[in-house]
Amino acid sequence: MQSVSMTEELWQHLLSLRNHALRPVGLPAGLEASCLSLYKRIALRNGPFVLAQVGQSLDGRVATPTGDAQDVSGCDGIAHLHRCRALADAVVVGVGTVVADNPSLSVRAVSGKSPVRVVIDCNGRMPGMAKMLHDGGMPVIVMQAADIALHEGRHETIRLPRQADGGLAPRDILKALAERGLTTVLVEGGANTISRFVDAGLVDRLHVSVAPIIIGSGPAGIRLSPIDRLSEARRPEVDIYNIGTDIVFDCNLRAEAERRVLADRENILMADTA
Ligand SMILES: NC(=O)c1ccc[n+]([C@@H]2O[C@H](COP(=O)([O-])OP(=O)(O)OC[C@H]3O[C@@H](n4cnc5c(N)ncnc54)[C@H](OP(=O)(O)O)[C@@H]3O)[C@@H](O)[C@H]2O)c1
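Definitions and cut-offs
- Residues numbered from 1 in each chain as written.
- Predicted model: local features only at pLDDT ≥ 70, side-chain atom pairs only at ≥ 80, totals over all residues.
- Heavy atoms only, no water.
- Core = buried A, V, L, I, M, F, W, Y, C linked by side-chain atoms within 4.5 Å.
- Buried < 20%, exposed > 50% of the residue type's maximum accessible area, 1.4 Å probe, protein only.
- Helix = DSSP H or I, 4+ residues; strand = E, 2+ residues; numbered from the N terminus.
- Contact = heavy atoms within 4.5 Å.
- Near = heavy atom within 4 Å.
- Polar contact = N/O pair within 3.5 Å; in protein donor to acceptor, adjacent residues only side chain to side chain.
- Areas by Shrake-Rupley, 256 points an atom, 1.4 Å probe, with all protein chains shown as cover.
- Nonpolar A, V, L, I, M, F, W, Y, C, P; charged D, E, K, R; others polar.
- Right-handed = clockwise from strand over helix to strand, strands pointing away.
- Pairing = 2+ DSSP bridges.

Any chance you could explain the nonpolar core here in plain terms?
Soluble globular proteins tend to pack their nonpolar side chains together in the buried interior. If you look at the biggest cluster of nonpolar residues, it comprises 38 residues, and the most contacted ones within it are Tyr39, Met126 and Met132. Here the element with the most residues in this core is helix 2 (residues 34–44); it accounts for six residues. For Met126, the residues in contact, after removing those within four places along its chain, are Val95, Val98, Val119, Asp121, Met132, Leu133, Val140 and Val142. Within the second largest apolar cluster, 32 residues are counted, among which are Val54, Leu168, Val185 and Val187.

Please clarify how the site of the ligand should be interpreted in this entry.
Taken together, 24 residues lie near the ligand, and Thr97, Asp101, Arg125, Leu168 and Thr193 sit nearest. Ala191 has a polar backbone atom sitting 3.3 Å from an oxygen atom of the ligand. Thr193 places a polar side-chain atom, nitrogen or oxygen, 2.7 Å from an oxygen atom of the ligand. Against a free-state accessible area of 920 Å², the protein chains account for coverage of 83% of the ligand. When residues of the shell around the ligand are traced back to their parent elements, those giving at least two are strand 2 (49–56), helix 4 (95–101), strand 7 (184–189) and helix 6 (191–199). Here the shell around the ligand takes five residues from helix 4, the largest share from any one element. In terms of residue class, the shell around the ligand is built from nine nonpolar, 10 polar and five charged.

Please clarify how unusual backbone geometry should be interpreted in this entry.
With the exception of glycine, the majority of residues adopt a negative phi angle, and the majority of peptide bonds are in the trans configuration. Cis geometry is adopted by the peptide bond preceding Gly190, which originates at Gly189 and carries an omega value of -5 degrees. Among the structural elements, Gly190 can be located in the loop between strand 7 and helix 6. Residues other than glycine seldom take positive phi values, yet Asp71 does so here, at roughly 65 degrees. If you trace the backbone, Asp71 turns up in the loop between strand 2 and helix 3 (75–87).

Whenever I open this one, the side chain of Gln56 confuses me. Can you help?
Locating Gln56 in the fold gives a position in strand 2. Those residues in contact with Gln56, other than ones at most four positions away along the chain, are Arg61, Val62, Val72, Val208, Ser209, Val210, Ala211 and Gly221.

What am I meant to see in the pairing of strand 4 (residues 116–120) here?
The side chains of a regular strand alternate, first on one face of the sheet and then on the other. Most of strand 4 is tucked away: five of the five residues are buried. Taking every second residue as pointing to the same face, both faces of strand 4 are buried, with Val116, Val118 and Ile120 on one and Arg117 and Val119 on the other. Once you follow strand 3 (residues 90–94) into helix 4 and on to strand 4, the crossover reads as right-handed. Here strand 4 runs beside strand 5 (residues 140–145); their pairing, made up of four bridges, is parallel. In the sheet register, Arg117 faces strand 5, and the bridge partner there is Val140.

All we've got here are geometric facts, nothing functional implied.
As structure tokens, then:
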């Protein structure tokens, strides 16, 4: 496990990488920079990048059964989330999170620019009074199914085809964002939204930020399609970082998805030649 202690100098260096500065803020030689490996791949923007992040308790929950989700993460976990937002072009949440938490999705705990806010609201239930629509912050984009009445408001609406499962295809969502120049994407939750992106094999890294708190009951941070056997469980390579109040598990889902595709191909080949 690596210990991360972020300094203003390191953070400004990462922001300059994120902003394609021709001459990024330099770092003194030999500076201990384990946090660079946690954030650099998000900042560098070598092509489209999808990061999902969950802030959860020791027992894997993100809220109480009554929906109280305030401060599951410690202060360093919150700073980590805000760093991820500052490095992203767009932050994506499901409408369930807007209804439950009424978030602003802005960058406040660290310096840096807030991302464009994206709400997946297939069926048009985004509350007109949602804070993000009235706070004068970054633009809000609402993703809606093309087959419902257009819900116009203080936001851009993107209408996408409804899929056979009743939802919107995460690939269509990312394509629509890329067409607007938004290619580094943070999928912030909740579990329903993250699971759709993970199940579609579109998440490069998953950050699970665990705070030393036991909630005991309440919704989980990640909820994937059910499996029967533990041998089918996802086993990504994980880098672990002690960020202070919380521990971040940085999971390489891209490499894990590629391994799965290769294994499936080998199984098909073996079945064909048997
Ligand atoms: N701790 C954390 O890191 C964190 C972060 C964010 C949220 N949360 C918590 O998560 C909870 C909310 O999570 P949730 O899982 O209930 O809801 P959610 O993921 O925020 O929203 C789910 C809803 O969004 C819409 N949606 C998302 N992806 C879609 C897609 N691909 N296609 C169509 N519709 C899509 C659907 O709306 P319709 O049902 O209208 O079709 C779906 O029911 C809250 O308690 C919140 O506090 C925790």
